[in-house]
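Reading the structure
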Amino acid sequence: MDKQPNKAKFLAVFPELVAELKEVCVNYGITPDAIEWLEKNLNYNTPGGKLNRGLSVIDTYAILKNYKSLEDFSDAEYKKLAVLGWGVELLQAYFLVADDMMDKSITRRGQPCWYKLEAVQDIAVNDAFMLEGAIYVFLKKYYRNEPYYVDLLDLFHEVTFQTELGQLLDLITAPEEHVDLSKFSLKKHSFIVTFKTAYYSFYLPVALAMFAAGINSEKDLKQARDVLIPLGEYFQIQDDYLDCFGKPEDIGKIGTDIQDNKCSWVVNTALNICTPEQRKLLDENYGRKDAEKEAVCKKLFTELKIDQLYLQYEEKIVNELNEKIAKVDESSGFKGKVLTAFLNKIHKRSK
């Protein structure tokens, strides 16, 4: 489906959901200033990103139902799907508000982080909880009478816990203020990116759309998971590679992984193949807020041909994923095209 009209239609649903949540709060009898605060929290933190995760729910459902355009959806059908999409975006907002506080970040999506606002500060902890709580208010309103309601609840709860496990391992492995490369490994990196990113960014939107489309056998969910989880890992490895080797004008940001002591694929791959002398250079220069030390690391990564190793990895993983997709059993309604759509978007980023 055409991305821009879909995004505009999706965005148009969010004010309706905000109004519905405000009505819930009014019925609870909470004061108007608290309702105004919640509204600001929702609008500041939820709709400002690319919305790829939320839109993926709509797109996946459309593929599964053989819909060609937005006109194929009834109004009620689209609204219910958009509720699931905004559920994923609210989950993302919840993670990001909390993550920004843990990382002591300054900006997010071109504006000050929510907790950095003078009036907010530590109240952002509770605001993050409220973003997550809103998900379940909407699920109850729109899906309580569906036979798969408990499946949706279970999916959101499980994926939330998986993401928090990934965040935990990331936080204790690579704190910015204490560099210890002996804690790093490709195995840890794989766990972190799988649990912190792949489950909620790739599997969750697709699984939600599958339940809504009535394609909910464990066999089909496993078919989706078996491609989407390694696909999510590929996405993050690609992100790590672009952070180091990509041009800011191409990737839209200045890479900071080296200075931020990130447990990235690039440094973990280097640690696996470097000499003792090169390892000493990494120990002395990685994770420091110093452009010259960062340049030493980048020079070393180039000498180790990490960029060439990435291209070899990418070719291998894309071939493996295409082979898996080609073997998808579509007899119960699941479609390999869902997975191909995700793979093509990601593969295109590094071209």
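The structure contained in this document is the topic of the report that follows. (Residues numbered from 1 in each chain as written. Predicted model: local features only at pLDDT ≥ 70, side-chain atom pairs only at ≥ 80, totals over all residues. Heavy atoms only, no water.)

**Structural notes on the overall build of the protein chain**
The cut-off we apply is this: Numbered from the N terminus, helices here are DSSP runs of H or I no shorter than four residues, and strands are runs of E no shorter than two. With the radius of gyration taken over C-alpha atoms, the globule rule is written as 2.2 Å times the number of residues to the power 0.38. Think of it in three bands: with a 1.4 Å probe and only protein chains considered, a residue is buried below 20% of the maximum accessible area for its type, exposed above 50%, and partly exposed in between. In this description, contact between two residues means that some pair of their heavy atoms is separated by no more than 4.5 Å. Per-residue accessibility takes into account occlusion by the displayed protein chains alone, with areas from the Shrake-Rupley method and a 1.4 Å probe.
Secondary structure assignment for the protein chain yields 14 helices and 2 strands. In terms of overall size, the protein chain behaves like a compact globule, its C-alpha atoms giving a radius of gyration of 21 Å where 351 residues would be expected to give roughly 20 Å. Once the C-alpha set of the protein chain is aligned to its principal axes, its extents read approximately 65 × 55 × 35 Å. Relative to its full complement of 351 residues, the protein chain shows a buried share of 50%. Contacts in the protein chain between residues at least 24 apart in sequence constitute 76% of all its contacts with a sequence separation of at least 6. For the protein chain, the computed accessible surface area is about 17200 Å², with 54% contributed by carbon and sulfur atoms.

**Some details on the nonpolar core**
Stated precisely, the cut-off is as follows: Think of a nonpolar core as a cluster: buried Ala, Val, Leu, Ile, Met, Phe, Trp, Tyr and Cys residues, connected wherever their side-chain atoms sit within 4.5 Å.
Among the nonpolar cores identified, the biggest contains 115 residues, and Leu 139, Tyr 234 and Phe 301 are the most heavily contacted of them. If one sorts the elements of this core by residue count, helix H7 (residues 186-212) sits on top with 15 residues. Apart from the residues within four sequence positions on either side, Phe 301 is in contact with Cys 244, Phe 245, Ile 258, Val 266, Val 267, Ala 270, Leu 282, Tyr 286 and Ile 306.

**Some details on a nonpolar patch on the surface**
Note the threshold: Each patch is built from residues lacking any salt bridge and having more than 30% relative accessible area; the joining distance is 9 Å for like charges and 5 Å for nonpolar side chains (Val, Leu, Ile, Met, Phe, Trp, Tyr). Definition used for salt bridges: Asp or Glu carboxyl oxygen within 4 Å of a side-chain nitrogen of Lys or Arg.
Among the surface-exposed residues, Met 102, Leu 168, Leu 171 and Ile 172 lie close enough to one another that they form a single nonpolar patch of about 330 Å² accessible area. At 3 residues, the largest contribution of residues to the nonpolar patch is made by helix H6 (residues 149-173). When you line up the elements, Met 102 lands in helix H4 (residues 75-103). On the basis of relative accessibility, which here comes to 39%, the residue Met 102 falls in the partly exposed class.

**So, the side chain of Asp 127**
In plain terms, the rule: The charge count treats Lys and Arg as positive and Asp and Glu as negative. His and the chain ends do not count. Counting of polar contacts relies on pairs of N or O atoms within 3.5 Å, with two restrictions inside protein: one atom must be capable of donating a hydrogen and the other of accepting it, and residues adjacent in sequence are counted only when both atoms are side-chain atoms.
Here Asp 127 shows up in helix H5 (residues 123-143). Of the side chains bearing the opposite charge, Lys 40 lies closest to the buried Asp 127, which forms no salt bridge; the N-O distance is 11 Å. A distance of 2.8 Å separates a polar atom in the side chain of Asp 127 from a polar atom in the side chain of Trp 114.

**Thoughts on the pattern of salt bridges**
Tallied over the entire structure, the rule returns 17 salt bridges. With its nearest N and O atoms 3.7 Å apart, the salt bridge here joins Lys 40 to Glu 36. Placement of the pair is Lys 40 and Glu 36 together in helix H2 (residues 32-45), with a separation of 4 residues, close to one helical turn. A single network of salt bridges, built from pairs that share partners, joins Glu 16, Glu 20, Lys 79 and Lys 141.

Shape descriptors only; they carry no functional weight alone.
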